[in-house]
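Single-letter residue listing:
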Amino acid sequence: MSTDRYHQQFTVSWDQLHRDVRVLCHQLVERDFKGIVAITRGGLIPAALIARELNVRLIDTVCIKSYEHKEQGGLNVMKGVDHDGDGWLLVDDLVDTGKTALAVREMLPKAHFVTIYAKPEGRPLVDQCLTEVAQDCWIQFPWDMGIAYVEPLVDQVRSRDS
C-alpha cells in the first residue's frame, strides 16, 4: 500500500486521546475483565489509560508489525498470547484495513475488541470503537509528533511575498 491512498489527515492531541479513551471507558465500566491485551505499538497507550480508568492491573501484549510509517506491508507476529481471550479486553488505537485485526481475532476469538478509531474496512472486526474516520484519512497520533515553533501568519505571508 502506498501513501497515495491518504487524502485526508486527522491529528489527535494527547488531550483528545485521553478524552476519547475516557468516553470509551464510560461504555465499558459496567463490565469486568480479567485483563487487557494491548496490540503493540499503537494500543499500548490507550490500553494503559483504559487500565487506569477501569482499574485493571493485568496487561499483556500481542506484538504485530504491519506498518513502516505510512506503508503497510505483510504481518509479522512477534509475540502472541497463550489463551483465547475469554474475559479479556483487547485494545488497539486504530483498526484500518483490518489485516491486523483479523490476525488478532483469530488468536483471541473470545476477547472483547475495542479501538479508539476505526475505518470502514476494519470496523466490522471490532466489537466497539469510539470514532469512525474515512478510509483515506491518515491519523497522526501524538506519540508520532513533536512540538515545533510555527511562525505567526503575518510573518509567513510577508516572507512568502518578498
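Anything mentioned here points back to the structure above.
Remember, it's a predicted structure, so these values are computed and weren't measured experimentally.

Colleague: Is there a simple way to explain the overall build of the chain in this structure?
Modeller: A count of helical and extended segments in the chain gives 4 helices and 8 strands. Secondary structure elements of the chain occur, N-terminal to C-terminal, as β-α-β-α-β-β-β-α-β-β-β-α. Sorting the 162 residues of the chain into buried and exposed places 43% on the buried side. Look at the contacts in the chain between residues 6 or more apart in sequence, and 63% of them connect residues 24 or more apart. When the accessible surface of the chain is split by element, carbon and sulfur atoms take 51% of a total near 9300 Å². With 18 positive and 24 negative side-chain charges, the chain shows a spacing of 2 Å between the two charge centroids.

Colleague: Just to check I follow, could you spell out the pattern of salt bridges for this structure?
Modeller: Close approach of charged atoms lets side chains of opposite charge pair. As enumerated under the stated definition, the model contains 7 salt bridges in all. Glu 53 is the partner of Arg 52 in a salt bridge, and the nearest nitrogen-oxygen pair spans 3.2 Å. Relative accessible area serves as the criterion here: at 62%, Arg 52 is assigned to the exposed category. The class for Glu 53 is partly exposed, based on a relative accessible area of 22%.

Colleague: Would you take a moment to explain the nonpolar core for this structure?
Modeller: Buried together is how nonpolar side chains tend to be arranged in soluble globular proteins. Counting 23 residues, the largest nonpolar core has Ile 36, Ile 50, Leu 54, Leu 89 and Tyr 117 as its most contacted members. Going through the elements one at a time, α1 (14-28), β2 (35-40), α2 (44-54), β5 (88-95) and β6 (112-118) are the ones with two or more residues in this core. Looking at which element gives the most residues to this core, the answer is α1, with 5 residues. With near-sequence residues (within four places) excluded, Ile 50 lies in contact with Val 21, Leu 24, Cys 25, Ile 36, Asn 55, Leu 89 and Val 91. Of all hydrophobic cores here, the second largest spans 15 residues; its members include Val 37, Val 62, Trp 88 and Leu 90.

Colleague: Honestly, the state of the cysteines in this entry has me stumped. Any pointers?
Modeller: What makes a disulfide is a covalent bond joining the sulfur atoms belonging to two cysteines. All chains considered together, the criterion is met by 0 disulfides. In this structure Cys 25 is a free cysteine whose sulfur lies 14 Å from that of Cys 129, the closest cysteine sulfur available. We classify Cys 25 as buried; its relative accessible area is 5%. The thiol of Cys 137 is not disulfide-bonded; the next cysteine sulfur, from Cys 129, is found 14 Å away.

Colleague: Explain the pairing of β2 to me, please; I cannot follow it from the model alone.
Modeller: On a regular strand, one side chain projects to one face of the sheet and the next to the other, so that they alternate. Counting buried residues along β2, 6 of its 6 residues qualify, which places the element largely inside the surrounding structure. Where β2 and β5 come together, 4 bridges link them in parallel fashion. Bridging across to β5, Ala 38 finds its partner in Val 91.

Colleague: Whenever I open this one, unusual backbone geometry confuses me. Can you help?
Modeller: Trans is the common state for peptide bonds, and a negative phi is the common state for residues other than glycine. For the peptide bond that leads from Thr 40 to Arg 41, omega is 0°, which places it in the cis range. Tracing the chain through its elements places Arg 41 in the loop between β2 and α2. Positive phi, normally seen in glycine, also occurs at Asn 55, with a value near 55°.

Colleague: Sorry, what's going on with α1 here?
Modeller: For an α-helix the count is 3.6 residues per turn, leaving residues at separations of three or four pointing the same way. The end-to-end C-alpha distance of α1, which contains 15 residues, comes to 21 Å, matching closely the 21 Å that a straight helix rising 1.5 Å per residue would cover. Listed as buried for α1 are Leu 17, Asp 20, Val 21, Leu 24, Cys 25 and Leu 28. The buried residues of α1 occupy an angular sector of 140° when projected down its axis, which confines them to one face. Turned more than 90 degrees away from the buried face of α1, the exposed residues are Asp 15 and His 26. Where α1 is buried, its residues contact α2, β5, β6 and β7 (128-132).

Criteria and cut-off values
- Residues numbered from 1 in each chain as written.
- Predicted model: local features only at pLDDT ≥ 70, side-chain atom pairs only at ≥ 80, totals over all residues.
- Heavy atoms only, no water.
- Helix = DSSP H or I, 4+ residues; strand = E, 2+ residues; numbered from the N terminus.
- Buried < 20%, exposed > 50% of the residue type's maximum accessible area, 1.4 Å probe, protein only.
- Contact = heavy atoms within 4.5 Å.
- Areas by Shrake-Rupley, 256 points an atom, 1.4 Å probe, with all protein chains shown as cover.
- Lys, Arg positive; Asp, Glu negative; His and termini not counted.
- Charge placed at Lys NZ, Arg CZ, Asp CG, Glu CD.
- Salt bridge = Lys/Arg side-chain N within 4 Å of Asp/Glu carboxyl O.
- Core = buried A, V, L, I, M, F, W, Y, C linked by side-chain atoms within 4.5 Å.
- Disulfide = S-S within 2.5 Å.
- Pairing = 2+ DSSP bridges.
- Expected span 1.5 Å × (residues − 1).
- Arc of directions from axis to C-beta.

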